Amino acid sequence: MSRPFRFAGSFPLAAPPEQVIAVLRDAERWPQWWPQIRSVERYDERRGLVTARSVLPFSLRIELTSTVDDPDRGVLRADLARDLVGWIEFRVAEGDAPDRARVTYDQECDLAHARVRRVALAARPLLQLNHSAMMRTGMRRLAVRAREEPAAQN
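Residues numbered from 1 in each chain as written. Predicted model: local features only at pLDDT ≥ 70, side-chain atom pairs only at ≥ 80, totals over all residues. Heavy atoms only, no water.

Sheet topology places strand β3 (residues 47-52) next to strand β4 (residues 60-70); six bridges connect them, and they run antiparallel. Across the sheet, the residue bridging to L49 is E63, located in β4. Pairing analysis gives eight bridges linking β4 to strand β5 (residues 75-82), with the strands arranged antiparallel. From the neighbouring strand, I62 faces β5, where its bridge partner is R82. The hairpin formed by β4 and β5 contains four residues between the paired strands, and G74 there has a positive phi angle of roughly 75°. (Pairing = 2+ DSSP bridges. Helix = DSSP H or I, 4+ residues; strand = E, 2+ residues; numbered from the N terminus.)

Now the structure itself:
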C-alpha cells in the first residue's frame with residue numbers, strides 16, 4: 001500500500017482576488033492559460049475530465065467533482081477520481097493590498113492503479129518535483145490571466 005501524496009502551497013499574485021477566483025472557477029478555459037492542463041471536458045455543472053501533463057512524459061486523466069464552490073469565501077474544492085484519487089482545495093484571499101491576492105492550495109491524492117503506485121514508490125521525489133513545477137507555472141499564469149480578464153462575473 002502506498003502512502004498518499006500531500007501537496008500544499010501559497011502564492012502571492014499581483015491580481016485582484018475576485019478575478020483570480022473567477023478565472024479558477026472557469027475550468028473549461030484552464031488549457032488557455034495553464035500549459036500543463038492539456039484539455040478539459042465538461043460533463044455537467046459539477047463534473048469534468050482534466051488531462052494534465054507536466055515535465056514527466058506521461059499524462060494523467062483526472063475526473064474532478066466540485067464539492068465546494070463558494071466564490072464569496074474564496075473557496076473551491078473538488079474530489080479527484082480516475083488516475084488520481086483524492087481531493088484538492090484552493091483558497092483565494094486578499095493579499096497585502098486590495099488589488100493583490102494570495103492563493104493557497106492543499107491536495108491529498110494517490111495514484112489509482114496499483115502498477116503505477118509501485119513505480120511511484122521509487123519515483124516519489126520526481127513526481128513531487130513534477131507537481132511543484134506544474135503548480136508554480138499555473139499560479140504565475142493565473143495571475144497574468146486574472147489581470148487580463150474583465151471584472152469578475154459570478
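In this section: unusual backbone geometry. One non-glycine residue, R82, adopts positive backbone phi at about 90°. Looking at where R82 falls in the secondary structure, it is placed in strand β5. You can call R82 partly exposed: its relative accessible area is 41%. (Buried < 20%, exposed > 50% of the residue type's maximum accessible area, 1.4 Å probe, protein only.)

The next thing to look at is the pairing of β5. Pairing of β5 with strand β6 (residues 84-94), which is carried by six bridges, proceeds in the antiparallel orientation. Paired with L76 across the strands is F90, a residue of β6. Linkage of β5 to β6, two consecutive antiparallel strands, is achieved through a turn of one residue.

It is worth spelling out the nonpolar core at this point. Most often, soluble globular proteins have nonpolar side chains that are buried together. Core analysis: the biggest nonpolar cluster contains 39 residues, and V20, F90, M139 and L142 have the highest contact counts within it. Top contributing element to this core by residue count: helix α3 (residues 114-148), with eight residues. Ignoring sequence-local partners within four residues, the contact set of M139 consists of F11, L13, W34, F90 and V103. (Core = buried A, V, L, I, M, F, W, Y, C linked by side-chain atoms within 4.5 Å. Contact = heavy atoms within 4.5 Å.)

With seven of its nine residues buried, helix α1 (residues 17-25) lies for the most part within the structure. Turning to α1, its buried residues number three or more, namely P17, Q19, V20, I21, A22, V23 and L24.

What the rule picks out here adds up to five aromatic pairs. Judged by centre distance (6.3 Å) and plane angle (10°), the ring pair of F11 and Y105 falls under stacked. Within this pair, whereas F11 is found in strand β1 (residues 5-13), its partner Y105 is found in strand β7 (residues 101-111), the two being separated by 94 residues in sequence. Residue classification places F11 among the buried residues on the basis of a relative accessible area of 18%. Using a relative accessible area of 5% as the deciding quantity, one classes Y105 as buried. Between F90 and Y105, the ring centres sit 6.1 Å apart and the planes meet at 40°, which makes this aromatic pair tilted. Here F90 is found in strand β6, whereas its partner Y105 is found in strand β7, with 15 residues between them in sequence. Note on accessibility: F90 and Y105 belong to one class, buried. (Phe/Tyr/Trp six-rings, centres within 6.5 Å; stacked < 30°, edge-to-face > 60°.)

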